[in-house]
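Commentary on secondary and tertiary structure
Chain by chain, the residues run as shown.
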Amino acid sequence: MFPIPDADTGNNMAMAFRAFASSCAESKAAGLGCLGLCRGLGLTMLMNAQGNSGTISTYFFNKLVGALDAELKGVDSPQVEVVAFCRALEVAGKAVGSAMDNPKLGTMISVIQDSAADLASAAAASAGSGPVTVEAFLKTYQANAQASLLRTPDQLEVDGKFILKDAGIDFDSGAKGYVLLIDGMMASASGVATAMPARPPGQSAEVGDNIQVGHEEEEVTPGAELVIPTNRFCTEFLVELPSDTSVDEAGVRSSLTQFGDSIVPLMAPRPDGTKLLKTHIHSNEPQAVWDYASGLPGAKMVKTKADDMLMQVAPHFPPPTREALDNVSYRIVIYSTNALASTSIAARNEWGFVPARVTVGGESYKDHVEISAATVFNNQRNDPDFKMGTGGAT
């Protein structure tokens, strides 16, 4: 439901935490300590996470890595005291509030913050006179998270409307995903394995019922309306930067505001000293975002992604009414992006466009969305046998 009901929160969070679990298993097999394990999972999530929820999850865990580094003074200890880990979670919880400008109450961010607030003292109090155990800490963590989740319908307000409550939805889906993660931690610590229900109790905020991995689609909450996103493409990039880069998260966020909203930049160091910058943004100009990233000093593009959120969510809703269509600002629709010198021209003049399919090196891309003119030119220049084809609109 917020910022756009694009129906992929479950998938994005599952992708991030599958990477999380895989990295933990590899670190354990390699005999790494707590800090080495956390550094590895932070980078693995950064490389694999996508979407708002996946990127925010990755932001939180990478901030946790930094806080643990400070607690352990850079020593890769085989264990960490529970209270020290609680303090690190508190630091990471506070930091996640700066993941994006103007974070909303009642979302994943507020549940992450609430669950970690005053965690060290609360866990100590719950343990009484005894030592703070992992289970005692997790009980507090879980209780905080679940209580915060229940508050989300009364908190998430957009344009004067409580969009969860008004739609009859029990919780924000990203927030629910985070609570399920803590539930899994609790089950593991207590030795009680719990099977994931086919559908969690209640309704999620992603198009009514939860759209889960392995499920094709679910019914829409009755009366729900198709939201036409102001910034249509969920756009991401991952670049490698030199170790002495002057680029920082705040500067990236400020620079990208001209291209869209829901901006979440995250920078993390690699073992070789270089840095990775992962950024998520909702934009109408994915290519302009990628051009900005490619132009950062010393930047090497690792990967890009752009998903059409309107096309993701539209199949789950009835066709828009005539009144809704009358409010759409697009006046001209161009069949192919080949007709445009730049997608920014379309955005500036409120034109819509249907990107053509181009085939480069045997792979199919959306022209000006998933591949740039610069990439095509470089392939032509470097490969004497380069072949390119075009197809119909996507």
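1. So, the nonpolar core
In this structure, Phe-60, Phe-61, Phe-137 and Tyr-141 are the most contacted members of the largest nonpolar core, which totals 55 residues. With 9 residues, helix H3 (residues 51-72) is the largest single contributor of residues to this core. Apart from residues lying up to four places away in sequence, Phe-61 is in contact with Phe-17, Phe-20, Leu-41, Met-45 and Leu-181. Leu-241, Leu-256, Phe-259 and Ile-263 belong to the second-largest nonpolar core, a separate cluster that totals 20 residues.

2. With respect to the packing of aromatic side chains
For any pair of aromatic rings, geometry is given as the distance between the ring centres together with the angle between the planes. If you walk through the whole model with that rule in mind, you get 7 aromatic pairs. A ring pair is formed by Phe-60 and Phe-61, whose centres lie 5.0 Å apart and whose planes are at 75 degrees; its orientation type is edge-to-face. A relative accessible area of 0% means that Phe-60 is categorised as buried. Their ring planes at 90 degrees and their centres at 5.9 Å tell us that Phe-60 and Tyr-178 sit as a pair that is edge-to-face. Here Tyr-178 lies in helix H9 (residues 173-190) and Phe-60 lies in helix H3, a separation of 118 residues in the sequence. Here the aromatic cluster, defined as three or more aromatic residues joined through ring pairs, consists of Phe-17, Phe-20, Phe-60, Phe-61 and Tyr-178. Here Lys-63 stacks its cationic end above the ring of Tyr-59, 5.0 Å away from the centre of that ring.

3. With respect to the side chain of Glu-90
The residue Glu-90 is located in helix H4 (residues 82-95) in this model. Buried charge Glu-90 goes without a salt bridge, the closest partner of opposite sign being Lys-94 at 5.2 Å.

4. Let's talk about unusual backbone geometry
For Lys-73, which is not glycine, the phi torsion reads 55 degrees and is therefore positive. For Lys-73, the position within the fold is in the loop between H3 and H4. At Ser-262, a residue that is not glycine, the phi angle is positive and equals roughly 50 degrees.

5. Observations concerning the sheet that holds strand S5 (residues 275-283)
In space, the 4 strands of this open sheet follow the order S4-S5-S3-S6, with antiparallel pairing throughout. Because the sheet does not close on itself, it has two edges, and the strands there are strand S4 (260-269) and strand S6 (300-308). Within the sheet, the average angular offset between the axes of one strand and its neighbour, ignoring direction, is 10 degrees. Where S4 and S5 come together, 8 bridges link them in antiparallel fashion.

6. With respect to the side chain of Ser-53
With respect to the helices and strands, Ser-53 occurs in helix H3. Once you skip the residues sitting within four places of it in the chain, Ser-53 turns out to touch Thr-9, Asn-12, Met-13 and Met-108.

7. Some remarks on the pairing of strand S10 (residues 363-366)
Of the strand pairs in this sheet, strand S9 (residues 356-360) and S10 are connected by 4 bridges, and their pairing is antiparallel. By the bridge assignment for S10, Val-358 is matched with Tyr-365. From the end of S9 to the start of S10, which pair antiparallel, there are 2 residues, and Gly-361 there has a positive phi angle of about 60 degrees.

8. Some points on the pattern of salt bridges
Any two side chains of opposite charge can pair, given that their charged atoms come close. All told, the structure shown has 10 salt bridges when counted by the stated rule. The residue Asp-308 makes a salt bridge to Arg-232 at a minimum N-O spacing of 2.8 Å. Of the two residues, Asp-308 is situated in strand S6 and Arg-232 in the loop between H9 and strand S3 (233-241); the sequence distance between them amounts to 76 residues. Just as Asp-308 is buried, Arg-232 falls in that class too. Among the charged side chains, a salt-bridge network with shared partners connects Glu-236, Lys-278, Lys-305 and Asp-307.

9. A few points about the confidence of the model for the protein
Averaged over every residue, the pLDDT of the protein is 78; residues scoring 70 or more account for 76%. Scored below 50 in pLDDT, residues 199-220 makes 66 contacts in the model with residues more than four places away or belonging to other chains.

10. Some words on the packing of helix H5 (residues 108-116) against helix H7 (residues 134-151)
Pairs of packed helices are described in terms of their axes, by the angle between the two and the distance that separates them. H7 packs onto H5 with a crossing angle of 145 degrees between their chain directions and a minimal axis gap of 8 Å. Where H5 crosses over H7, the two elements pack in a sense that is right-handed. Here H5 contributes Ser-110, Val-111, Asp-114, Ser-115 and Ala-116 to the contact with H7, which in turn contributes Tyr-141, Asn-144, Ala-145, Ser-148, Leu-149 and Arg-151. Here the residues of the contact of H5 with H7 sort into 5 nonpolar, 4 polar and 2 charged.

11. Regarding the packing of H4 against H7
For the pair H4 and H7, interaxial distance at closest approach is 10 Å and the crossing angle is 25 degrees. Classified by the angle between their axes, H4 and H7 sit roughly parallel to one another. Considering how the two elements wind past one another, H4 and H7 form a crossing that is right-handed. Where H4 approaches H7, its residues Val-82, Phe-85, Cys-86 and Leu-89 are matched on the opposing element by Val-134, Phe-137 and Tyr-141. Along the lines of polarity and charge, the residues of the contact of H4 with H7 split into 7 nonpolar, no polar and no charged.

12. Let's talk about H3
A rise of 1.5 Å per residue sets the reference length of H3, with its 22 residues, at 32 Å; its end C-alpha atoms lie 31 Å apart and thus fit the reference within 8%. By the criterion of burial, H3 is predominantly enclosed, with 17 of the 22 residues buried. Phi for Lys-73, located one or two positions after H3, is positive at around 55 degrees.

Calculation rules
- Residues numbered from 1 in each chain as written.
- Predicted model: local features only at pLDDT ≥ 70, side-chain atom pairs only at ≥ 80, totals over all residues.
- Heavy atoms only, no water.
- Core = buried A, V, L, I, M, F, W, Y, C linked by side-chain atoms within 4.5 Å.
- Buried < 20%, exposed > 50% of the residue type's maximum accessible area, 1.4 Å probe, protein only.
- Helix = DSSP H or I, 4+ residues; strand = E, 2+ residues; numbered from the N terminus.
- Contact = heavy atoms within 4.5 Å.
- Phe/Tyr/Trp six-rings, centres within 6.5 Å; stacked < 30°, edge-to-face > 60°.
- Lys NZ or Arg CZ within 6 Å of the ring centre and 35° of its normal.
- Lys, Arg positive; Asp, Glu negative; His and termini not counted.
- Salt bridge = Lys/Arg side-chain N within 4 Å of Asp/Glu carboxyl O.
- Pairing = 2+ DSSP bridges.
- Axes fitted to C-alpha atoms, helices over the stretch in contact; angles between N-to-C directions.
- pLDDT = per-residue confidence, 0-100.
- Left-handed = near helix turned anticlockwise from the far one by under 90°.
- Nonpolar A, V, L, I, M, F, W, Y, C, P; charged D, E, K, R; others polar.
- Parallel < 35°, antiparallel > 145°, perpendicular 65-115°, else oblique.
- Expected span 1.5 Å × (residues − 1).

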